[in-house]
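Each chain is listed here by its residues.
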Amino acid sequence: MGIWFTPATPEQLNQLGADTLVSHIDIVFHEVGEDYITASMPVDARTVQPARILHGGASVVLAETLGSVAANLCVDPTRKICVGMEINANHVTAARSGRVTGTVRPVHIGPTTHIWQTRIHDDQNRLVCISRLTLAVLDHKRN
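Here the residue index of a chain counts from 1 through its sequence in written order. With the structure being a predicted model, the display of local features is reserved for residues of pLDDT at least 70 and the display and counting of side-chain atom pairs for 80 or more, all residues being used for whole-chain, interface and lining totals. Water and hydrogen atoms play no part in the side-chain values, which are based on all heavy atoms of the structure.

### Focus on the sheet that holds strand β1 (residues 28-32)
For the record, the criterion: Here, strands pair whenever DSSP counts at least two bridges between them. Helix and strand labels come from DSSP, where a helix needs a run of H or I of at least four residues and a strand needs a run of E of at least two; each type is numbered from the N terminus. Axis angles are defined between N-to-C directions and span 0 to 180 degrees, where every axis is a line fitted to C-alpha atoms and, for a helix, only to the segment in contact.
In spatial order, the strands read β1-β2-β4-β5-β6-β3; together these six strands make up an open sheet with antiparallel pairing. Across the chains shown, the open sheet's two edge strands, defined by having one partner strand only, are β1 and β3 (80-91). For this sheet the average axis-to-axis angle between neighbouring strands, irrespective of direction, equals 25°. Examined bridge by bridge, β3 and strand β6 (residues 127-139) share eleven bridges and lie antiparallel to one another.

### Considerations on the pattern of salt bridges
Opposite charge on two side chains permits them to pair, given that their charged atoms come into close proximity. What counts is decided by this rule: When a carboxyl oxygen of Asp or Glu lies within 4 Å of a side-chain nitrogen of Lys or Arg, that pair is called a salt bridge. Only protein chains enter the area calculation, which uses a 1.4 Å probe; residues under 20% of their type maximum are buried, those over 50% are exposed, and those in between are partly exposed.
With the rule as written, the count across this model stands at five salt bridges. Two residues, Asp-44 and Arg-46, come together in a salt bridge whose shortest N-O distance is 2.6 Å. Judged by relative accessible area, which is 41%, Arg-46 ranks as partly exposed. Asp-139 is the salt-bridge partner of Lys-80, the closest N and O atoms lying 2.5 Å from each other. With Lys-80 in strand β3 and Asp-139 in strand β6, this residue pair connects regions lying 59 residues apart in the sequence. With relative accessibility at 52%, the residue Asp-139 sits in the exposed group.

### With respect to the side chain of Thr-47
To keep things clear, this is the line we draw: Contacts are residue-level and defined by heavy atoms, with any inter-residue pair within 4.5 Å sufficient.
By secondary structure assignment, the location of Thr-47 is in the loop between β2 (37-42) and α3 (56-73). Here Thr-47 falls in the buried class, since its relative accessible area comes to 1%. With near-sequence residues (within four places) excluded, Thr-47 lies in contact with Ile-25, Met-41, Pro-42, Ile-53, Leu-54, His-55 and Ala-58.

### Quick word on the nonpolar core
Cut-off, in case you're wondering: We define a nonpolar core as any set of buried Ala, Val, Leu, Ile, Met, Phe, Trp, Tyr and Cys residues linked to one another through side-chain atoms lying within 4.5 Å.
The biggest cluster of nonpolar side chains holds 34 residues, and the ones touching the most others in it are Ile-37 and Val-100. Counting residues per element, the ones that place at least two in this core are β1, β2, α3, β4 (99-109), β5 (113-121) and β6. At seven residues, α3 tops the list of elements feeding residues into this core. Beyond its immediate stretch of four places on either side in the chain, Val-100 contacts Ala-39, Ser-40, Met-41, Val-43, Leu-54, Leu-62, Ala-95, Ile-120, His-121, Asp-122 and Val-128.

### Regarding the pairing of β4
As paired strands, β2 and β4 are joined by six bridges and run antiparallel to one another. Along β4, the bridge assignment pairs Pro-42 with Arg-99. In textbook terms, the turn of a hairpin is the stretch between consecutive antiparallel strands, and for β4 and β5 this stretch comprises three residues.

### Describing unusual backbone geometry
With a phi angle near 60°, Asp-19 is a residue other than glycine that sits in the positive phi range. Position of Asp-19 relative to the elements: it lies in the loop between α1 (10-16) and α2 (21-24). Here Asp-26, not a glycine, exhibits a phi torsion of approximately 65°, which is positive. Tracing the backbone shows Asp-26 in the loop between α2 and β1. Overall, the relative accessible area of 27% leaves Asp-26 in the partly exposed class.

### Section: the pairing of β5
Where β4 lies against β5, eight bridges are found, and the strand directions are antiparallel. What sits directly across from Gly-102, in β5, is Ile-120. Relative to β6, β5 is paired through nine bridges, and the arrangement is antiparallel. Bridging from a neighbouring strand, Gln-117 pairs with Arg-132 of β6. Hairpin connection of β5 to β6: five residues between the antiparallel strands, including Asn-125 at a positive phi of 65°.

This is how it looks when you write it as structure tokens:
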């Protein structure tokens, strides 16, 4: 299916995030397309800053989660692992309630690096954040 070396369903991705930061802030995977993945998270007490708007760091968590999962689905998990090297984010519009949804797509899928872009929208489909994640593709060292 598309670009994925290891195809996965949203249900499988949601199980992968159990008992991690992903489940703690209620990131939920919704769709795995030919070259994209979507997930959402709430704008609530777990994810807002004192001004009661979505914390920029929470947007970065959503973007890094989506990009890391997507990159790792593109490599042979018995041989390679993708780990984050750098992430940036531009916060465009404040989200105050509801859920925000991120969609990640590849910019570059290479043998040693990946670059993934995530666009995060609010319930009114306004762009809240755009982020770019660079990952290193490393040899998987089994213990």
